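Here's the letter readout for the chains.
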Amino acid sequence: MSIATGKSRLLLYSPLKLFLPVSALFFVLGLINYLHTHLDTGRLIAPEDA
């Protein structure tokens, strides 16, 4: 007999359905921000005199 039936199965897998897309979204947004900064300033890292 399985314990994870009905709603408990939904509760078991819902964190992955929530956090995986959110983390992927933040990764893509960070990558876009990095590429924009790199293309705008022409450098990979912050300036050394900062």
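Here goes a summary of the coordinates provided. All of these numbers come straight from a predicted model, not from anything done at the bench.

## Observations regarding the overall build of the chain
Alright, step 1. The secondary structure content of the chain amounts to one helix and zero strands.
Alright, step 2. Looking at the 50 residues of the chain, the share that counts as buried comes to 0%.
Alright, step 3. Carbon and sulfur atoms make up 72% of the accessible area of the chain, which amounts to about 5,000 Å² in all.

## Re a nonpolar patch on the surface
Alright, step 1. Together, L18, F19, V22, L25, F26, F27, V28, L29, L31, I32, Y34 and L35 make up a nonpolar patch on the protein surface, roughly 1,200 Å² of accessible area in all.
Alright, step 2. For L35, the position within the fold is in helix α1 (residues 7–41).

Conventions and cut-offs
- Residue numbering note: each chain is counted from 1, following its sequence as written.
- Only residues with pLDDT of 70 or above have their local features reported here, since the model is predicted, and side-chain atom pairs are shown and tallied only from 80 upward, although totals for entire chains, interfaces and linings are computed over all residues.
- Where side-chain values are given, they derive from all heavy atoms of the structure, hydrogens and water being excluded.
- Numbering of helices and strands runs from the N terminus; a helix is a DSSP stretch of H or I covering at least four residues, while a strand is a stretch of E covering at least two.
- Between buried and exposed lies partly exposed: a residue is buried under 20% and exposed over 50% of the maximum accessible area for its type, with that area taken using a 1.4 Å probe on protein chains only.
- Computed with a 1.4 Å probe, the accessible areas rest on the Shrake-Rupley method; for each residue, only the protein chains presented here act as cover.
- To count toward a patch, a residue needs a relative accessible area over 30% and no salt bridge; like charges are then connected within 9 Å, while nonpolar side chains (Val, Leu, Ile, Met, Phe, Trp, Tyr) are connected within 5 Å.
- A pairing counts as a salt bridge when a side-chain nitrogen of Lys or Arg comes within 4 Å of a carboxyl oxygen of Asp or Glu.

So, to be careful, I would describe these as geometric facts and stop short of saying anything about function.
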